[in-house]
Amino acid sequence: APRSLSGMQPTSDSLHLGNYVGALVEWVRLQQTHDAYYFVADLHALTVSPDPEVLRERTRLTAAQFIAGGVDPQRSVLFVQSHIAQHTELSWVLSCLTGFGEASRMTQFKDKSAKGSGPNVGLFTYPVLQAADILVYDADVVPVGEDQRQHLELSRDLATRFNQRFGDTLVVPSPHIMRETAKIQDLQEPTAKMSKSAASDAGLVSLLDDPKRIVKKIKSAVTDTGREIRHDVVDKPGVSNLLAIHSALSGTPVAELEVAFDGRGYGDLKTEVAEVVVATTTPFRERTLELMSDRAELDRILADGADRARAVAEATVRRVYDRVGLLPSS
Ligand code: ATP
Ligand code: MG
């Protein structure tokens, strides 16, 4: 079977609706047809200087949420990035193939460094580590949100470049991006993407929030002037975002929702979106809490995943080290 691979950073306690719709739902679906690898990107999370205890807790919480969302650790390989040393080993080799100008063009770095206080080098080389995450497992398909398209393109370029220079070694991955309605925007600032590390929490729907809080946030979502309910990201970003959320979770096409809400007000739309969201988050939250109540079992699942992941990653790095001319140690 073709291989799929993806990760999420443990940069907050809870995943948000964008992570769910833009990635996790697709991860779960791909388990049916693919040899799937999913990981908690704790090394990536170091770029935002988290408190050590908080990072450790969020790493477990993030893994628990993958399982709560439907990742099956028996069927898929579920692991923590830092447990596999080969990610950083391959990352170094790839960074020596990456142009400085090329890395400077990455928009996530520009966005994140504009927000934070003094970006570090890790944030700058983040896309190279991400390329290593993907290439070290010979992944064919990488399900990510629209925001990661540019990074995926870099991974493809690096694999191609490596192969041209050293001979066929790395699999060139394909992006697997759910477009349009898979990109969820901030409820208060619907022209910006919903993000775990957003400055304000008001526009963020966290999956572990209690239902009351979720309903309140959706009811106070920014809409647009006018009263028409239609999908138009330019003129009606707020309403379009609510329609996208509804559609993604209910499975109803946006065009059908437009017909169903014809002549009705924004209040009705928000009420229904809130219902649809809570129906998803309630069982998700319960399952996550249940998994977190047995840390030993969770850690055991992650150790098992690491063993399976390592076997693949070791073989790739051995191949790569040999190709680039590093002297074997034995
Ligand atoms: P951070 O702000 O710390 O970068 P994030 O919210 O962007 O957090 P990540 O862990 O970086 O989350 O990304 C995990 C996955 O979720 C990626 O596949 C990414 O494309 C997807 N994703 C993140 N935000 C959104 C969004 N608003 N809509 C759709 N998909 C998203
Ligand atoms: Mg992100």
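Up top you'll find the structure we're talking about.
Computed from a predicted structure; not experimentally measured.

A. Expanded view of the overall build of the chain. Looking only at helices and strands, the chain features 13 helices and 5 strands. The C-alpha atoms of the chain give 20 Å as radius of gyration, which agrees with the globular expectation for 330 residues (20 Å, within 12%). With respect to the three principal axes, the spread of C-alpha positions in the chain is 70 × 45 × 40 Å. A burial count over the chain gives 51% of its 330 residues as buried. The contacts of the chain with a sequence gap of at least 6 include a subset with a gap of at least 24, amounting to 76%.

B. Focus on the pattern of salt bridges. With the rule as written, the count across this model stands at 23 salt bridges. Between Arg-287 and Glu-290 there is a salt bridge, with the nearest N and O atoms lying 3.3 Å from each other. Residue Arg-287 and its partner Glu-290 are located together in helix H12 (residues 266–292), separated by 3 residues, close to a single helical turn. Relative accessible area serves as the criterion here: at 33%, Arg-287 is assigned to the partly exposed category.

C. Representation of the site of ligand 1 within the structure. Inspection of the region around ligand 1 gives 22 residues, with Lys-112, Asp-147, Lys-193, Ser-195 and Ser-197 positioned closest. One of the side-chain N or O atoms of Lys-112 is found 2.4 Å from an oxygen atom in ligand 1. Between an oxygen atom of ligand 1 and a side-chain N or O atom of Lys-196, the distance comes to 2.6 Å. Here ligand 1 loses 98% of its free accessible area of 590 Å² to cover by the protein chains. Elements that contribute at least two residues to the shell around ligand 1 include exactly strand S1 (3–8) and helix H1 (17–30). Here the element with the most residues in the shell around ligand 1 is H1; it accounts for 4 residues. The class makeup of the residues in the shell around ligand 1 is 6 nonpolar, 11 polar and 5 charged.

D. Representation of the nonpolar core in the model. By size, the foremost hydrophobic cluster in this structure holds 54 residues, and its most contacted members are Leu-24, Phe-66, Ile-218 and Val-277. Secondary-structure elements contributing two or more residues to this core are H1, strand S2 (35–40), helix H3 (52–68), strand S3 (77–80), helix H9 (211–219), helix H10 (237–250), H12 and helix H13 (295–324). Top element by residues in this core is H12. It accounts for 10 residues. Val-277 has contacts with Leu-17, Val-205, Ile-214, Ile-218, Ile-245 and Leu-249, leaving out every residue within four places of it along the chain.

E. Seen up close, the packing of aromatic side chains. Overall, the coordinates contain 9 aromatic pairs when judged by the stated rule. The interplanar angle of 5° and the centroid separation of 4.4 Å between the aromatic rings of Trp-27 and Tyr-38 together place this pair among those described as stacked. Of this pair, Trp-27 sits in helix H1 while Tyr-38 sits in strand S2, and the two are 11 residues apart along the sequence. For Trp-27, a relative accessible area of 0% puts it in the buried group. Ring plane angle 70° and centroid distance 4.7 Å describe the contact between Trp-27 and Phe-66, whose orientation is recorded as edge-to-face. Of this pair, Trp-27 sits in helix H1 while Phe-66 sits in helix H3, placing them 39 residues apart in sequence. The residues Trp-27 and Phe-66 share a single accessibility class, namely buried.

F. Region of the structure containing the pairing of strand S5 (residues 174–177). Here strand S4 (residues 141–144) runs beside S5; their pairing, made up of 4 bridges, is parallel. Bridge pairing in S5 links Val-141 to Ser-174. Viewed along the sheet, the connection from S4 through helix H8 (residues 149–166) into S5 turns out right-handed.

G. Main features of the side chain of Gln-148. Topologically, Gln-148 is positioned in the loop between S4 and H8. In this structure the side chain of Gln-148 is engaged in a polar contact, spanning 3.1 Å, whose partner is the side chain of Asp-147. Other than its neighbours up to four places away in sequence, Gln-148 contacts Gln-108 and Gln-130.

H. Quick peek at helix H7 (residues 121–135). Here H7 is 15 residues long and its end C-alpha atoms lie 21 Å apart, about the 21 Å a rise of 1.5 Å per residue gives. The largest bend in H7 amounts to roughly 40° and is located at Pro-127. Taken across its 15 residues, H7 has 12 buried, putting it largely inside the fold. A distance of 3.1 Å separates the backbone nitrogen of Gly-122 from a side-chain oxygen at the start of H7, and that oxygen is part of Asn-120.

I. Just the packing of H10 against H12, in detail. The geometry of H10 relative to H12 is characterised by a closest axis approach of 9 Å and an angle of 35° between their N-to-C directions. Crossing of H10 over H12 shows left-handed handedness. Between H10 and H12, the contacting residues are Val-239, Leu-242, Leu-243, Ile-245, His-246, Leu-249 and Ser-250 on the first element and Tyr-266, Leu-269, Lys-270, Glu-272, Val-273, Val-276, Val-277 and Thr-280 on the second. The residue inventory of the contact of H10 with H12, partitioned by class, reads 10 nonpolar, 3 polar and 2 charged.

J. The arrangement of the pairing of S2 in detail. For S2, the tally of buried residues reaches 5 of 6 residues, placing the bulk of the element in the interior. Sheet analysis places S1 next to S2, joined by 6 bridges and oriented parallel. Counted as the bridge partner of Gly-7 is Phe-39 from S2. Summarising the sheet, S2 and S3 pair through 4 bridges and their orientation is parallel.

How each quantity is defined
Residues numbered from 1 in each chain as written. Chains lettered and ligands numbered in written order. Predicted model: local features only at pLDDT ≥ 70, side-chain atom pairs only at ≥ 80, totals over all residues. Heavy atoms only, no water. Helix = DSSP H or I, 4+ residues; strand = E, 2+ residues; numbered from the N terminus. Rg over C-alpha atoms; globule rule 2.2 N^0.38 Å. Buried < 20%, exposed > 50% of the residue type's maximum accessible area, 1.4 Å probe, protein only. Contact = heavy atoms within 4.5 Å. Salt bridge = Lys/Arg side-chain N within 4 Å of Asp/Glu carboxyl O. Near = heavy atom within 4 Å. Polar contact = N/O pair within 3.5 Å; in protein donor to acceptor, adjacent residues only side chain to side chain. Areas by Shrake-Rupley, 256 points an atom, 1.4 Å probe, with all protein chains shown as cover. Nonpolar A, V, L, I, M, F, W, Y, C, P; charged D, E, K, R; others polar. Core = buried A, V, L, I, M, F, W, Y, C linked by side-chain atoms within 4.5 Å. Phe/Tyr/Trp six-rings, centres within 6.5 Å; stacked < 30°, edge-to-face > 60°. Pairing = 2+ DSSP bridges. Right-handed = clockwise from strand over helix to strand, strands pointing away. Expected span 1.5 Å × (residues − 1). Bend = angle between axes of the 7 residues up to and from the residue. Axes fitted to C-alpha atoms, helices over the stretch in contact; angles between N-to-C directions. Left-handed = near helix turned anticlockwise from the far one by under 90°.

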